[in-house]
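# Working through the structure, step by step
As a plain string of letters, each chain reads:
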Amino acid sequence: MFVARVGVVLLLAASLAPVAWAQEKVEEKTEEKPKADEKTAPIDFRKLKEQMPETLAGIKRSSLDGQKIASEGFAMSQAEAHYAKQSENEEENLPKVHVVYTDFGSGAGSTAKVTAGVWAQAEIDQESDDGYTKTVKVNGTTGMETYSKSSKAGTLELVVAERFLLRIATTNLPADQLQKIAKELPLAKLAALAK
């Protein structure tokens, strides 16, 4: 009789083990994941939008948008502004400026920190008949500048406070306007948001 009871207990324990294991796995998955540290999480995109001037290069802002994107292991906030002169003549080549601030947070492996490190160590100076690509410094901030003469289009990308990626894209403006526009932006206020 004792042997039979031990057999039943062992059989019952063996049949319940997978149920207990499955229950543990369900509990592990349903546990609340810790929230990102407020110091390393991207800031609210609305604060980034506040750093967009009403005018740049003498052009009034025509639109202002913001967004936050987050999924497991990734989060970013972004604000973007368009500056364009309005004209009834669509064929007229009027100047346009597009500015984007992106915050991936301040973690050790953030995209901005990695990019800042690469640009700080690299020196690029490439030129062709049509334009150039080169690393630059704007108010002590390292970045990458590209310009095409044929399309009159340029981009300037900077890393601000080792946290924010700033991208300026221009159309129908001379190359020297890229850095002038960057200097018009409130980079010190943007850097202060990282603290």
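In this text the structure is predicted, and so the values were computed from the model without any measurement.

### What about the overall build of the protein?
- Along its length, the protein carries five helices and nine strands.
- Per-residue burial over the protein gives 32% buried out of 195 residues.
- In the protein, the proportion of contacts linking residues at least 24 apart, taken out of those at least 6 apart, comes to 52%.
- Here the protein has roughly 12800 Å² of accessible surface; of this, 53% comes from carbon and sulfur atoms.

### Topic: the environment of V159
- Mapped onto the fold, V159 is located in strand β8 (residues 153–160).
- Under the relative-accessibility criterion, V159 is labelled buried at 6%.
- Separated by 58 residues in the primary sequence, V159 and Y101 place their C-alpha atoms 9.7 Å from one another.

### Some thoughts on the confidence of the model for the protein
- When pLDDT is averaged across the protein, the result is 79; 71% of the residues are at 70 or more.
- Segment residues 1–36: pLDDT under 50, and two contacts once partners within four positions in sequence are set aside and those in other chains are kept.

### Digging into the pattern of salt bridges
- Taken as a whole and judged by the stated rule, the model has five salt bridges.
- Salt-bridge contacts for R163 lead to D103; the nearest nitrogen and oxygen are separated by 2.9 Å. Here R163, found in the loop between β8 and β9 (164–171), pairs with D103, found in strand β4 (residues 96–103); they are 60 residues apart in sequence, far enough to count as distant.

### Quick look at the sheet that holds β8
- With antiparallel pairing, the nine strands of this open sheet are ordered in space as β1-β2-β3-β4-β9-β8-β7-β6-β5. Every other strand in the sheet has two partners, leaving β1 (55–56) and β5 (125–127) as the edge strands with one partner each.
- Of the strand pairs in this sheet, β5 and strand β6 (residues 131–138) are connected by three bridges, and their pairing is antiparallel. Within β6, the residue paired with Q126 across the bridge is T133.
- Against the sheet, helix α4 (residues 177–184) touches β1, β4, β6, β7 (141–148), β8 and β9, its axis set at about 40 degrees to β8.

The rules behind each value
Residues numbered from 1 in each chain as written. Predicted model: local features only at pLDDT ≥ 70, side-chain atom pairs only at ≥ 80, totals over all residues. Heavy atoms only, no water. Helix = DSSP H or I, 4+ residues; strand = E, 2+ residues; numbered from the N terminus. Buried < 20%, exposed > 50% of the residue type's maximum accessible area, 1.4 Å probe, protein only. Contact = heavy atoms within 4.5 Å. Areas by Shrake-Rupley, 256 points an atom, 1.4 Å probe, with all protein chains shown as cover. pLDDT = per-residue confidence, 0-100. Salt bridge = Lys/Arg side-chain N within 4 Å of Asp/Glu carboxyl O. Pairing = 2+ DSSP bridges. Axes fitted to C-alpha atoms, helices over the stretch in contact; angles between N-to-C directions.

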